[in-house]
Amino acid sequence: QYLLLLHSKNSIMRRSKVKNIFISHYHKDDANVQQLKKRLRNIGYDVRNSSVDSTKYQNIKPSTKFIQRHLSRCVRWSGTFICLIGEKTHSRPWVNYEINQAHKFGKKIVGIYKHGCSDNVELPKALKKYSNSIIGWNSLDKLGNVLDGKPMYESPSSTPASPIYSITRVHC
């Protein structure tokens, strides 16, 4: 989503980098979610995050059905789905649920390795299957290109990697 502003005299165009995102993560990696949002703001993105993180925490115990409906609505609202990949992310059932919802709604699915991950970190099963891009923490400067639809695959150390599955996406 870009807003284009035309200046009549100079015909200069500026882009507003407003991004509606959902950041899927293991709750113990919340500090990395806050760092990711901060880094995105620092490179000029106006980030609107619909995921549940420490800034929206409520001390309640909702039902499984409520959580599913809420997560589904939040993922549907987002323009891009980001999965923060840590050492335990692959074992979290809600992370795979969220990734499957993003795929169901046709969202761009981007994996970002959290800072300090080793090259042997396991990816969530649904992310292996549906990701559009996976990048290292040190490549966040390239995230703008990824958010704009240019696929990129990297290892946790930000070196080039091959996609796990070759996926052809068709837009109707």
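Look up a bit, the structure's there.
Description of the structure in this document. (Residues numbered from 1 in each chain as written. Predicted model: local features only at pLDDT ≥ 70, side-chain atom pairs only at ≥ 80, totals over all residues. Heavy atoms only, no water.)

**A few points about a positive patch on the surface**
Positive charge collects at one region of the surface, where K65, R69, R73, R76 and K104 lie side by side. Among the elements that take part in the positive patch, helix α2 (residues 64-77) stands out by supplying four residues, more than any other. Of note, R76 is situated in helix α2. Classification of R76 by relative accessible area gives partly exposed; the value is 47%. (Patch = residues over 30% accessible without salt bridge, like charges linked within 9 Å, V, L, I, M, F, W, Y side chains within 5 Å. Areas by Shrake-Rupley, 256 points an atom, 1.4 Å probe, with all protein chains shown as cover. Salt bridge = Lys/Arg side-chain N within 4 Å of Asp/Glu carboxyl O. Lys, Arg positive; Asp, Glu negative; His and termini not counted. Charge placed at Lys NZ, Arg CZ, Asp CG, Glu CD. Helix = DSSP H or I, 4+ residues; strand = E, 2+ residues; numbered from the N terminus. Buried < 20%, exposed > 50% of the residue type's maximum accessible area, 1.4 Å probe, protein only.)

**Observations concerning α2**
Its 14 residues place the ends of α2 20 Å apart at the C-alpha level, agreeing with the 20 Å of an ideal helix rising 1.5 Å per residue. Looking only at α2, the buried set comprises L71, S72, C74 and V75. Axial view of α2: buried residues confined to an arc of 165 degrees, hence all on one face. (Expected span 1.5 Å × (residues − 1). Arc of directions from axis to C-beta.)

**Describing the packing of aromatic side chains**
Going through the model one piece at a time under the given rule, you end up with two aromatic pairs. Taken together, a centroid distance of 5.6 Å and an interplanar angle of 10 degrees make the contact between F22 and F81 stacked. On the criterion of sequence distance, the pair formed by F22 in strand β2 (residues 13-24) and F81 in strand β4 (residues 80-85) is long-range, its members being 59 residues apart. Consider the rings of W94 and Y97, whose centres lie 5.5 Å apart with planes at 85 degrees: the pair is edge-to-face. Here W94 and its partner Y97 are both found in helix α3 (residues 93-104), three residues apart, which amounts to about one turn of the helix. (Phe/Tyr/Trp six-rings, centres within 6.5 Å; stacked < 30°, edge-to-face > 60°.)

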